[in-house]
Amino acid sequence: TNNFYYIQAYEPEFYEQKTLKALVQKSLAMMTYYLPLKKVVNAEIYKNYKKLHSNFVVLPGLDLNIYTPKVSMSFSQNFVVGCIGRKEEWKGSNDVGKAIDILRDKGYQIDFKVAFEPIDCDEYELLKPDGDENLSDFYKSLDVLIAPGHIQLGAVHYPVIEAMACKTTVITTGYYPATENNSYIVPVKRPDMIAEKIIDIMNNPELAKIKSEKAYQDIQQFEWGIVSQKFINLFQGDIK
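Quick summary incoming for the structure in this document. For clarity, every value in this text was computed on a predicted model and none was experimentally measured. (Residues numbered from 1 in each chain as written. Predicted model: local features only at pLDDT ≥ 70, side-chain atom pairs only at ≥ 80, totals over all residues. Heavy atoms only, no water.)

What to know about unusual backbone geometry
What is expected of a backbone is that most residues other than glycine have negative phi and most peptide bonds are trans.
Right, so step 1: In this chain, Tyr-176 is followed by Pro-177 through a cis amide linkage whose omega measures 5 degrees.
Right, so step 2: As for its placement among the helices and strands, Pro-177 is situated in the loop between strand E10 (169-172) and strand E11 (184-185).
Right, so step 3: In this model, Gln-152 sits at a positive phi of 50 degrees, which is unusual for a non-glycine residue.
Right, so step 4: Residue classification places Gln-152 among the buried residues on the basis of a relative accessible area of 7%. (Helix = DSSP H or I, 4+ residues; strand = E, 2+ residues; numbered from the N terminus. Buried < 20%, exposed > 50% of the residue type's maximum accessible area, 1.4 Å probe, protein only.)

So, in structure tokens, the structure goes:
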């Protein structure tokens, strides 16, 4: 009998605080990668990532019956930008707040929505979408979703794939499957570049729509039927 361990991120990097608790949590997370289990990672970058090694990759699944394309691809009169609010610095949420402040200082009219947790920004609407259906509606209410995490670029980041499934334009620091063909890529910790990309989108909405259509095509690989079949194949020993 094979025992499987599905790994969605390199967790030791989440505990960088200089505390005893963080050190213990980091050590425990790292120790799990040495357990006698068949490790399955959810992105190619984790096949050989620091102390983590795996031969098996299965993407996370996404319910494309819930995360569905928005009805209209037209941008709002008051441009609507959003992000997922998180307190951890490496999530990059405060980078988005700084970018919005930059744009407003330049005179741009921006409606800014943040889901879940407060961030540093002069003015925004804080929402707490309950459940996948409401989270999907949150993405559809946006013209642009920004996901500017600082670490493990190339991994799968749920806000990116969820927004792409809703055909909402994405700005990100580079989480899979984001490329320059289907989204807008910015460097880490660069609110000024986020602001520039938002201006680019406002000035060229047709290109943004093309990218969003391409993103929607690229997101089909996360459909639950495809992902679950890969897991079944893996459990049955039919995948390498």
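Thoughts on the packing of aromatic side chains
Right, so step 1: In total, this model carries 13 aromatic pairs according to the counting rule given.
Right, so step 2: Judged by centre distance (5.6 Å) and plane angle (75 degrees), the ring pair of Tyr-46 and Tyr-49 falls under edge-to-face.
Right, so step 3: Judged by its relative accessible area of 1%, Tyr-46 is buried.
Right, so step 4: For Tyr-49, a relative accessible area of 16% translates into the label buried.
Right, so step 5: A connected cluster of aromatic rings, assembled from ring pairs, spans Tyr-5, Tyr-10, Tyr-33, Tyr-46 and Tyr-49.
Right, so step 6: Over the face of the ring belonging to Tyr-216 we find Lys-167, whose NZ or CZ atom lies 4.9 Å from the ring centre. (Phe/Tyr/Trp six-rings, centres within 6.5 Å; stacked < 30°, edge-to-face > 60°. Lys NZ or Arg CZ within 6 Å of the ring centre and 35° of its normal.)

Overview of the pattern of salt bridges
Right, so step 1: Within this structure, the stated rule accounts for eight salt bridges.
Right, so step 2: Residue Lys-209 is joined to Glu-206 by a salt bridge in which the shortest nitrogen-to-oxygen separation is 3.3 Å. In this pair, Lys-209 and Glu-206 are both assigned in helix H6 (residues 205-218), three residues apart and thus about one turn of the helix distant.
Right, so step 3: Residue classification places Glu-206 among the partly exposed positions, given a relative accessible area of 48%. (Salt bridge = Lys/Arg side-chain N within 4 Å of Asp/Glu carboxyl O.)

Quick look at the sheet that holds strand E2 (residues 38-41)
Right, so step 1: Strand order in the open sheet formed by three strands is E1-E2-E5, and the pairing between neighbours is parallel. Of all the strands in the sheet, just strand E1 (4-7) and strand E5 (56-57) have a single pairing partner and so form its edges.
Right, so step 2: In the sheet, E2 pairs with E5 via two bridges, with the strands oriented parallel. Bridge assignment links Val-40 to a residue of E5, and that residue is Phe-56.
Right, so step 3: Relative to E1, helix H7 (residues 224-235) is tilted by about 150 degrees, and along the sheet it contacts E1, E2 and E5. (Pairing = 2+ DSSP bridges. Contact = heavy atoms within 4.5 Å. Axes fitted to C-alpha atoms, helices over the stretch in contact; angles between N-to-C directions.)

Remarks on helix H4 (residues 158-165)
Right, so step 1: Burial of H4 is extensive: seven of the eight residues sit out of reach of the surface.
Right, so step 2: All buried positions along H4 are accounted for by Pro-159, Val-160, Ile-161, Glu-162, Ala-163, Met-164 and Ala-165.
Right, so step 3: Turning to H4, the residues buried within the fold contact strand E6 (79-85), helix H3 (131-140), strand E9 (144-147), E10 and H6.
Right, so step 4: One or two steps after H4, the chain reaches Lys-167, where phi turns positive at roughly 60 degrees.

Observations concerning the sheet that holds strand E8 (residues 125-127)
Within a sheet, adjacent strands bond to each other through the backbone by hydrogen bonds, running parallel or antiparallel.
Right, so step 1: The strand order across the open sheet built from six strands is E8-E7-E6-E9-E10-E11, with neighbouring strands paired in parallel fashion. The open sheet has two edge strands, E8 and E11, and neither has a second partner.
Right, so step 2: In the packing of H4 onto the sheet, the strands contacted are E6, E9 and E10, and the crossing angle to E10 comes to about 160 degrees.
Right, so step 3: Its contacts with the sheet put helix H5 (residues 191-203) on E6, strand E7 (110-116), E9, E10 and E11, and the angle it makes with E10 is roughly 160 degrees.

So, helix H2 (residues 93-105)
Right, so step 1: With 13 residues, H2 ought to run about 18 Å at 1.5 Å a step, and its terminal C-alpha atoms sit 19 Å apart, in line with that.
Right, so step 2: Taken together, the buried positions of H2 are Ser-93, Asp-95, Val-96, Gly-97, Ala-99, Ile-100, Asp-101 and Leu-103.
Right, so step 3: Packing partners of the buried residues in H2 comprise E6, E7, E9 and H5.
Right, so step 4: Phi turns positive, to about 100 degrees, at Gly-107, one or two residues after H2. (Expected span 1.5 Å × (residues − 1).)

Some words on a nonpolar patch on the surface
Right, so step 1: The grouping of Leu-20, Leu-23, Val-24, Leu-28 and Met-31 at the surface amounts to a nonpolar patch, some 520 Å² of accessible area in total.
Right, so step 2: Counting through the fold element by element, Leu-28 comes out in helix H1 (residues 20-31). (Patch = residues over 30% accessible without salt bridge, like charges linked within 9 Å, V, L, I, M, F, W, Y side chains within 5 Å. Areas by Shrake-Rupley, 256 points an atom, 1.4 Å probe, with all protein chains shown as cover.)

Looking at the packing of H2 against H5
Right, so step 1: Between H2 and H5, whose axes approach to 8 Å, the crossing angle comes to 60 degrees. Here H2 is positioned oblique relative to H5, judged by the angle of their axes. Where H2 crosses over H5, the two elements pack in a sense that is right-handed. Residues Asp-95, Lys-98, Ala-99, Ile-100, Ile-102 and Leu-103 of H2 lie in contact with H5, whose contacting residues are Pro-191, Asp-192, Ile-194, Ala-195, Ile-198 and Ile-199.
Right, so step 2: Considered class by class, the residues forming the contact of H2 with H5 number nine nonpolar, no polar and three charged. (Parallel < 35°, antiparallel > 145°, perpendicular 65-115°, else oblique. Left-handed = near helix turned anticlockwise from the far one by under 90°. Nonpolar A, V, L, I, M, F, W, Y, C, P; charged D, E, K, R; others polar.)

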